[in-house]
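# Coordinate inspection notes
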Amino acid sequence: MKKCQNCGTEAGDQAKFCGVCGTPFALAAAEPAAPAPVSPPEAQAPETETVEPPPAEQPPAVETAAPPVYDYAQQAQQPQMQQAPASPTYGYPQQPVAEAAAPPAYDYIQQAQQPQMQQPPAPPTYGYPQQPQQPQAEPAYGYPPQAPLAAEPVKPKKKHRWLIPVIAAFAVAAILLTTFLVFGDRIKGLFAPAEKKWLSAEKGLLTIDGGSIFGTARDSFNQQLEQTKFGGEMEISVDVEGSITPETAAIIDIISKLRLTSSYRVDTNEADPRFQTAIGLGNRDNEADALSLQVYGMDGYIFIDAAPILPKPLVLQPRTVEEMMGTGTSFSALVEGGPAQLLNALKSMSQILSSPEKIGGEVLDIISGHAEKPTVEKGVELTVGGITQKIDKYTVVVKAESAPELIKDVLTYVRDNEEIRDVVNELGAISEKLNPVAPGGTYQNSFSYENFVSSINTAIEQVDKNPENFSIELERELYLDRRGEALGGKLVVWDMRNGKEEVFTLEHVLAEENGSYSFWFSAQPKNQNLILFTSEYTLKDQRYTGTFELSSTYNDIETTLFTGSMENFGLENADGQVYPVGKLVFNTETRVPGLPTVAPVSGINISYDGRIEKESDGAHLMAGISFAMEGQSSGLSAVHVTLDLRTIPEKDVQIEVETPDDYVLLTDGMSLQALIQDDPAIMVRFMQAMSELGIDVSQFMPQLPTIEY
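Residues numbered from 1 in each chain as written. Predicted model: local features only at pLDDT ≥ 70, side-chain atom pairs only at ≥ 80, totals over all residues. Heavy atoms only, no water.

Turning next to the overall build of the protein chain. Along its length, the protein chain carries 13 helices and 22 strands. Taken across its 709 residues, the protein chain has 33% of its residues classed as buried. Once local pairs closer than 6 in sequence are excluded, the contacts in the protein chain between residues at least 24 apart make up 54%. (Helix = DSSP H or I, 4+ residues; strand = E, 2+ residues; numbered from the N terminus. Buried < 20%, exposed > 50% of the residue type's maximum accessible area, 1.4 Å probe, protein only. Contact = heavy atoms within 4.5 Å.)

A few words on the pattern of salt bridges. All chains considered together, the criterion is met by 25 salt bridges. Close ionic contact of Glu572 with Arg543 constitutes a salt bridge, the shortest N to O distance being 3.0 Å. A residue pair is termed long-range when its members are at least 10 positions apart, and Glu572 in strand S17 (residues 557–574) and Arg543 in strand S16 (residues 543–554) qualify at 29 residues. By relative accessible area, which is 28% here, Glu572 ends up partly exposed. When salt bridges that share partners are traced, they join Glu233, Arg265, Asp617 and Arg646 into one network. (Salt bridge = Lys/Arg side-chain N within 4 Å of Asp/Glu carboxyl O.)

With that settled, consider the environment of Gly385. Along the chain, the position of Gly385 falls in the loop between strand S9 (375–384) and strand S10 (387–398). Between the C-alpha atom of Gly385 and that of Phe519, which follows or precedes it by 134 residues, the distance is 7.6 Å. Excluding anything up to four places from it in sequence, Gly385 contacts Ser518 and Glu536.

For the protein chain, per-residue confidence averages 74 on the pLDDT scale, and 62% of positions sit at 70 or higher. This stretch, residues 186–191, has a pLDDT under 50; its non-local contacts, to residues over four places away or in other chains, come to six contacts. Scored below 50 in pLDDT, residues 596–600 shows eight contacts in the model against residues more than four places distant or in partner chains. (pLDDT = per-residue confidence, 0-100.)

Our focus in this paragraph is helix H2 (residues 194–205). Taking 1.5 Å per residue as the helical rise, H2 with its 12 residues ought to reach 16 Å, and the 17 Å between its terminal C-alpha atoms agrees with that figure. Every buried residue of H2 is listed here: Ala194, Lys197, Trp198, Leu199, Ala201 and Glu202. (Expected span 1.5 Å × (residues − 1).)

Glancing now at unusual backbone geometry. In this model, Ala307 is joined to Pro308 through a cis peptide bond whose omega is 5 degrees. Mapped onto the secondary structure, Pro308 falls in the loop between strand S7 (301–305) and strand S8 (314–316). The phi angle at Gln542 is positive, at roughly 60 degrees, despite the residue not being glycine. Inspection of the secondary structure assignment puts Gln542 in the loop between strand S15 (530–540) and S16.

We now examine the environment of Glu549. Turning to its location among the elements, Glu549 is positioned in strand S16. Owing to a relative accessible area of 28%, Glu549 belongs among the partly exposed residues under this scheme. Each C-alpha atom of the pair Glu549 and Ser565 lies 8.7 Å from the other, and the pair is 16 residues apart in sequence. Those residues in contact with Glu549 that sit more than four places away from it in its chain are Leu532, Phe533, Thr534, Thr560, Phe562 and Thr563.

Right, let's get into a nonpolar patch on the surface. On the surface, Leu260, Ile279 and Leu293 cluster together into a nonpolar patch covering about 210 Å² of accessible area. On the secondary structure map, Ile279 appears in strand S5 (residues 274–283). Taking the relative accessible area as the measure of exposure, Ile279 reaches 37% and is therefore partly exposed. (Patch = residues over 30% accessible without salt bridge, like charges linked within 9 Å, V, L, I, M, F, W, Y side chains within 5 Å. Areas by Shrake-Rupley, 256 points an atom, 1.4 Å probe, with all protein chains shown as cover.)

Alignment of strand S6 (residues 291–298) against S7, held across five bridges, turns out to be antiparallel. Residue pairing in the sheet places Met298 in a bridge with Tyr301 of S7. In textbook terms, the turn of a hairpin is the stretch between consecutive antiparallel strands, and for S6 and S7 this stretch comprises two residues, one of which, Asp299, has a positive phi near 55 degrees. The pairing of S7 with S8 spans three bridges and is classified as antiparallel. Residue Phe303 lies in a different strand from S8, and its bridge partner there is Val315. (Pairing = 2+ DSSP bridges.)

Tracing the backbone shows Ser237 in strand S3 (residues 229–243). When sequence neighbours within four positions are dropped, the list of residues in contact with Ser237 reads Leu258, Arg284, His640, Val641 and Thr642.

The next point concerns the nonpolar core. In terms of nonpolar packing, the biggest core is built from 22 residues, with Trp198, Tyr394, Phe452 and Leu478 touching the most fellow members. Contributing elements (two or more residues each) for this core: H2, helix H8 (356–370), S10, helix H9 (403–416), helix H10 (418–434), helix H11 (449–465) and strand S11 (472–480). If one sorts the elements of this core by residue count, H11 sits on top with five residues. (Core = buried A, V, L, I, M, F, W, Y, C linked by side-chain atoms within 4.5 Å.)

Inspection of the secondary structure assignment puts Arg259 in strand S4 (residues 258–267). A polar contact of 3.3 Å, which involves the side chain of Arg259, links it to the side chain of Asp289. Not counting residues within four places of it along the chain, the set of residues in contact with Arg259 comprises Glu235, Ile236, Gly280, Leu281, Gly282, Asn283, Arg284, Asn286, Glu287, Ala288 and Asp289. (Polar contact = N/O pair within 3.5 Å; in protein donor to acceptor, adjacent residues only side chain to side chain.)

In terms of strand pairing, strand S18 (residues 577–588) meets strand S19 (residues 604–615) through six bridges, oriented antiparallel. Of the residues in S19, the one forming a bridge with Val585 is Ser607. For S19 and strand S20 (residues 618–629), the ladder comprises 12 bridges, and the chain directions are antiparallel. Bridge pairing in S20 places Asp609 opposite Gly624. The antiparallel hairpin formed by S19 and S20 contains two residues in its connecting segment.

On to the packing of aromatic side chains, then. Considering all chains together, one arrives at 10 aromatic pairs under this definition. With 6.2 Å between their ring centres and 80 degrees between their planes, Phe303 and Tyr663 make a pair best called edge-to-face. Here Tyr663 lies in the loop between strand S21 (635–647) and strand S22 (664–665) and Phe303 lies in strand S7, a separation of 360 residues in the sequence. The class of Phe303 is buried, set by a relative accessible area of 2%. Clustering of aromatic rings is evident, with ring pairs tying together Phe519, Phe533, Phe548, Phe562 and Phe586. Here Lys500 stacks its cationic end above the ring of Trp494, 4.7 Å away from the centre of that ring. (Phe/Tyr/Trp six-rings, centres within 6.5 Å; stacked < 30°, edge-to-face > 60°. Lys NZ or Arg CZ within 6 Å of the ring centre and 35° of its normal.)

Here it is as structure tokens:
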């Protein structure tokens, strides 16, 4: 087997040329044939001048024997024609050499030299006669001309031109899908009929945002209701300012030195509800309490432990409190399982109040079934405070002839609703326990679900019998912004029995522009005062900064009830408990005839400033509350309360008390007198505690003898 030195392809022993690249194989024992003089072939080129060497310069044919040309026959150059190769002509004489070097004649016919072209220098001929440059002929044996040792060309990679449009299509589809998932309700609302768009926006007003201050308070309240154990600790100190009389100077001085501590723990287990409260009084300069009092309840009794002042705890029976306060058996009921029942009732009520969109939405569905088709006004300007924006106003009317059926449907829904029934049942059970029915008697003061259902059925019967008495018309205006979200609205109730008389009006609007908000709420029953609450604020991270005002109109005279301000105010969650943080200020104004005020006197400034501090035992609310009386010429002008509050996590609430072996009943006068007479050191211990507090009892009770201890 032979192996091509050019491309490495193997061939048979008799092969003279490589079957792949056309390179000739060398002959091992080739006898050179006798050279014969051969004249160079005549070549004609139309546009090329061929230069031939003179005859004198050609060497004699006998001096150098030409090697075999391996089956290649040199062809005469023809103008514009390519001739097929001739049969092998072993022993041909050496050909004259042209001035232009020709490439080797391996497996292809030499091409004629072209004008104005530079040819690369020819490789060595290894004994072959150099040929004049000829026009390239067809390759011998059908093989294309091969360049010696040339690298095979690399095929270009196929371009996937279809991939880019496919990726773009997928990207567009993903964007459209995401947009629909996020804004699907708004997109569908653009094409929804007016009644559906109105109803959806109305229900949106009932939804509480979980991140808002109301949502945070709701979530915290619901979390507290799920607990069975509660606990907290508090420390209070008070400072007083103002022009005071000498008689009150001593009291003010004592107050400024004291520090009050309090803690509570409650276990609402229905089988054995227990509570424990501790109250301590100490000097601000000392950490320990000089006086302490512990009150706890268990086994249906209330224990008062005033150690070390009193050597024995005092016991108070619930019925004693009932006799003293005239509350019947209500106090006993609260102590003996009442708190657990009340807590369950609060849980049921919370489920309704914390999810107004459920019951409220179902009531709206009932109303929409009796309402007329909404009318829409586009591009109406709405001004709230300093914000003006364009809205779409939807007006929905329930006519007087439809009102009786609407009232009956709503009453029936309230009567048959399971959530409402659970709340009424639990409140009825508490009412029955607080006001038990005497044997053989009937309910008078207590409340039950049966009474609730009976009242609703009576109301439904009245509507059926006298529908003309319920001839009212409801007119509802709803304001929607450009995104289709409700900003608020107005509700007017008209009495249609004698013409058309307005009996109740309520309006509420929240407008927003560039992060600034304006809120408006007003309510006016027939022949009553108009109550108006307004607020302008900014909102950042659910913290409010701005002002608010509550005013009233009485006999066409508008009066401000109170004003206020907020500075970075909101609710902050710490250790599962929410605390009010930031600054909040109320300023009360003049009394309004016929209306209660928020303070017993006018001109009171109430301010609150709170923050959260992390300490080793958990999060603490550090707050200051001030009560300042403006325009006071004498007496107290300001009271400042400093508060340190910590909520105890449910897992850490432990009530470690037990029924004492020896105690004294508060109702047993003889036992109390004996307790004090048998231990004269009680007064000594009390006076010593007063001294630790910095209190001179002789200032208030000079008749007491001086006791040395």
